[in-house]
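Spelled out from the first residue to the last, the chains are:
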Amino acid sequence: MRVSYKYLGRYKEIATVLIKYGFGFVVEKLNKDAVASKVNTHSPKGEVKSMTTGQRMRYAFEELGPTYIKIGQILSTRKDIFDDEIISELSKLRDHVVAIDNDTAMAILKEELGCELGDVFKRISKEPLAAASIGQVYEAQLLDGTVVVVKIQRPEIEETIKADLNILKRLADNLSFLNKDWNIDAQEMIAEMEIQLLRELDYKFEAINGIKLRKIFKDSKEVFIPRIFDEYTTKKLLIMDKVEGICLSDIDEYQLSESDKKNIVDIGVRSFFRQVMTCGFFHADPHPGNIFIVGNGNNKKISYIDFGMIGLIDEKTLKYLNQLIVASTNKNIYKIVRILTDMKAMPAESNSETLRRDLLYLIHYYYDIPFDKISIAEILNEGFRFMRTHNITLPSQLVLLGKTVITLEGTSRGLYQDFSVETIAKSYMKYYRDEKLNLKRNISRLKSDLDEYYYDMVTVPGQLKNILNILEKNKLKLEIGEVKAPKMEENITNFTTQVSMSIMLAACIVGSSLILSSGNIKSNKMIKYIGIMGFILSFIIGIALVILILKSNYRKNK
């Protein structure tokens, strides 16, 4: 490990804290240079010795400061890597820090606004509402009377976090044993954490997240997203509407009927699946402190705050997720394994038979349990344990989605004791069916598939030609003959023919669908006939394609 003498003091501090909390073995792995002579990797003593691994990790992160508190909070979402005890302790990490003095905070605010405070605010509170490791929050009132919250970044926090990230990236080269022992790619994990931490340092990202969520729910009668004042937003400053309502973390202080609680829970679940299934963009930290109940009587809504942790899930990953859920529902073990393989989640050396056996037991254990007895958290935790056992690595966006569902269920049960997983299942199925039957989105997917088919048709023959040229130059004619090279040209011809016909079929279906959905169809019968003819042509091409595929398979099996 190359030690940067610029950060030597910080290296020593990190090593000392790790040793104090019983992680001396990590220091020993890293100490291959000058730091080795500075530390003594003895075992922990006293109270620390009796702590669990999760507790020691939590206290170490807290002692190391803001960067490591944030890293611990990020790691608390990685249930595919750590067990429940560690995740539970890391989830307790909170930004308990001393507030910066008001004069410093107001100086930063003035600098970021580029004007006097009186030019923007009627008043601003003298004490912060909350202080966190990256920033602190004040209440204020704009000149037009709007009550807002003002989030100000702490001074020099960016330099501190960037310095710690530089140290971690240097250490990552010597943490290869994590990949070997625990299937953890330290370099990849640190790179992901760097992206998230640097985004949290830029309040413009949080502002963009809030603005996007507000657009998603702009016409909603169930969800309110506070307005972000984009004209005042900078890298170190964020101003947004103050949400006036009941915070779910303080719900016990208010008298809410059971029907109101159930309604709030239903709204929360529906809004979550709308974000995930329709938009692929969701609030990833729906704990009670980030959700408010606003409105009165029958007009109650929920309001999200704090948009720093947002989940993104692309259409391809969402498709994999839907396929996994359907395959699990049908107890189709082989399809689950195939999907995991397609996702590149399976390790190359995995034992397929053992994996399928364990997966079968897992699904059968939960399959016939009634909805009111099921815990999503328990099922997902078992799933994450299964993945750790078999070294299965899901995309980080799916892991974050799983953690968010667990948080959502915990928040729902905390508010409404009779909460049933049936609510989540119904919401998921509703949006799943809506997506399957959405003509516009299906046509869009067909267009996308058409582009992919066309790209394959253009590039695959060239790639095969390059492979043949390489084989020819390396004089591997004998080996080609042994793998039935005489039929290669025929196979390539059949393949390109099938791809071409598939593209024509897709083009006819998409084109005919667009023609029949056109507004001009009522005024011009010829357009209607052309659309119908397109579907007839699609039918003929489809039959011909099926015959060609069957004929090709028959020849292979002869």
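An unreviewed UniProt entry annotates the protein chain as Ubiquinone biosynthesis protein originating from Peptostreptococcus russellii. Here the protein chain is described in UniProt, under the heading Sequence similarities (unreviewed entry), as follows: "Belongs to the protein kinase superfamily. ADCK protein kinase family."

**Q** Please explain the overall build of the protein chain as it appears in this structure.
**A** A count of helical and extended segments in the protein chain gives 21 helices and eleven strands. Across the 558 residues in the protein chain, those meeting the buried criterion constitute 44%. Long-range contacts, defined as pairs at least 24 residues apart, comprise 68% of the intrachain contacts of the protein chain with a sequence gap of at least 6. Carbon and sulfur atoms make up 54% of the accessible area of the protein chain, which totals about 31,300 Å².

**Q** What exactly am I supposed to notice about the side chain of Thr 317 here?
**A** Inspection of the secondary structure puts Thr 317 in helix 12 (residues 315–329). Setting aside chain neighbours within four positions, we find Thr 317 in contact with Gln 397 and Leu 398.

**Q** Help me understand the packing of aromatic side chains in this model?
**A** Tallied over the entire structure, the rule returns five aromatic pairs. Both rings, one in Phe 61 and one in Tyr 68, keep their centres 6.5 Å apart while their planes meet at 20°; by these two values the pair is stacked. Neither Phe 61 nor Tyr 68 differs from the other in exposure class; each is buried. Ring plane angle 75° and centroid distance 5.3 Å describe the contact between Phe 272 and Phe 273, whose orientation is recorded as edge-to-face. Accessibility assignment for this pair places Phe 272 and Phe 273 in one class, buried. Connected via pairs of aromatic rings, a cluster forms that spans Phe 272, Phe 273, Phe 282 and Tyr 428. The ring of Phe 23 has Arg 56 sitting right over it, with the charged end atom 5.1 Å from the ring centre. Just above the ring of Tyr 59 sits the side chain of Arg 58; from NZ or CZ to the centre is 4.8 Å.

**Q** So what exactly am I meant to see when it comes to the sheet that holds strand 5 (residues 223–224) here?
**A** Strand pairing in a sheet is mediated by backbone hydrogen bonds. Such pairs are either parallel or antiparallel. Here four strands make up an open sheet; going across it, the order is 5-10-9-7 and the pairing mixed. Edge strands, defined here as strands with exactly one partner in the open sheet, are strand 5 and strand 7 (246–247). Bridge analysis of strand 9 (residues 291–294) against strand 10 (residues 301–304) gives four bridges, and the strand direction is antiparallel. Pairing of Val 294 across the sheet is with Lys 301, part of strand 10.

**Q** Got a minute to help me understand helix 1 (residues 8–20) in this structure?
**A** Note that an α-helix has 3.6 residues per turn; residues three or four places apart therefore point the same way. Compared with the 18 Å implied by 1.5 Å per residue over 13 residues, the 18 Å span of helix 1 between its first and last C-alpha is a close match. Of the residues making up helix 1, those classed as buried are Arg 10, Tyr 11, Ile 14, Ala 15, Val 17, Leu 18 and Ile 19. With its phi angle positive at about 85°, Gly 22 sits one or two positions after the end of helix 1.

**Q** What exactly am I supposed to notice about unusual backbone geometry here?
**A** Phi is positive for Asp 306, close to 60°, though the residue is something other than glycine. For Asp 306, the location among the structural elements is in the loop between strand 10 and strand 11 (310–312). The backbone of Lys 344 shows a phi angle near 60°, a positive value even though the residue is not glycine. Considering the arrangement of structural elements, one finds Lys 344 in the loop between helix 13 (333–342) and helix 14 (352–367).

**Q** I'm lost on the pairing of strand 4 (residues 147–153) in this one. Help?
**A** Counting buried positions along strand 4 gives five out of seven residues, so the element sits mostly inside the fold. With seven bridges connecting them, strand 3 (residues 135–142) and strand 4 associate as antiparallel partners. Paired with Tyr 138 across the two strands is Val 150, which belongs to strand 4. Hairpin connection from strand 3 to strand 4: four residues lie between these consecutive antiparallel strands, with Gly 145 at a positive phi of about 95°. Bridge count for strand 4 against strand 6 (residues 237–241) is five bridges, and the pairing is antiparallel. Note on strand 6: the bridge partner recorded for Val 148 is Asp 241.

**Q** What am I meant to see in the confidence of the model for the protein chain here?
**A** For residues with low pLDDT, the predicted coordinates do not support detailed interpretation. The predicted model of the protein chain averages 78 in pLDDT, with 75% of residues at 70 or higher. Averaged pLDDT values for the elements of the protein chain fall to 44 in helix 19 (residues 477–482) and rise to 95 in strand 6. In this model, residues 33–38 is a region of pLDDT below 50 whose contacts with residues beyond four sequence positions or in other chains number eight contacts.

**Q** Looking at this model, I keep getting lost on the pattern of salt bridges. Mind explaining?
**A** Side chains that differ in sign of charge can pair as their charged atoms come close. What the rule picks out here adds up to 19 salt bridges. Among the salt bridges present, the one from Glu 353 reaches Arg 356, with a minimum N-O distance of 2.7 Å. Of this pair, Glu 353 and Arg 356 both sit in helix 14, three residues apart, which is roughly one turn of the helix. Look at Glu 353 and you get exposed, because its relative accessible area is 53%. You can call Arg 356 buried: its relative accessible area is 17%. One salt-bridge network, held together by shared partners, links Arg 58, Glu 62 and Glu 89.

**Q** Explain helix 6 (residues 102–113) to me, please; I cannot follow it from the model alone.
**A** Here helix 6 contains twelve residues, and its C-alpha end-to-end distance of 16 Å stays within 8% of the 16 Å for a straight helix at 1.5 Å per residue. For helix 6, every residue scored as buried is listed here: Ala 105, Met 106, Ile 108, Leu 109 and Leu 113. In a view along the axis of helix 6, the buried residues occupy a sector of 155°, so they form one face of it. In helix 6, the exposed residues that point more than 90 degrees away from the buried face are Asp 103 and Glu 111. The inward-facing, buried residues of helix 6 contact strand 1 (121–124), strand 3, strand 4 and strand 6. By the N-cap criterion, in which a side-chain oxygen at the helix start approaches the backbone nitrogen of a residue two or three places on, helix 6 is capped by Asp 101, the distance to Asp 103 being 3.2 Å. Of the residues flanking the end of helix 6, it is Gly 114, one or two places downstream, whose phi is positive at about 75°.

How each quantity is defined
- Residues numbered from 1 in each chain as written.
- Predicted model: local features only at pLDDT ≥ 70, side-chain atom pairs only at ≥ 80, totals over all residues.
- Heavy atoms only, no water.
- UniProt positions renumbered as here; feature names shortened; annotations may be inferred.
- Helix = DSSP H or I, 4+ residues; strand = E, 2+ residues; numbered from the N terminus.
- Buried < 20%, exposed > 50% of the residue type's maximum accessible area, 1.4 Å probe, protein only.
- Contact = heavy atoms within 4.5 Å.
- Areas by Shrake-Rupley, 256 points an atom, 1.4 Å probe, with all protein chains shown as cover.
- Phe/Tyr/Trp six-rings, centres within 6.5 Å; stacked < 30°, edge-to-face > 60°.
- Lys NZ or Arg CZ within 6 Å of the ring centre and 35° of its normal.
- Pairing = 2+ DSSP bridges.
- Expected span 1.5 Å × (residues − 1).
- pLDDT = per-residue confidence, 0-100.
- Salt bridge = Lys/Arg side-chain N within 4 Å of Asp/Glu carboxyl O.
- Arc of directions from axis to C-beta.
- Polar contact = N/O pair within 3.5 Å; in protein donor to acceptor, adjacent residues only side chain to side chain.

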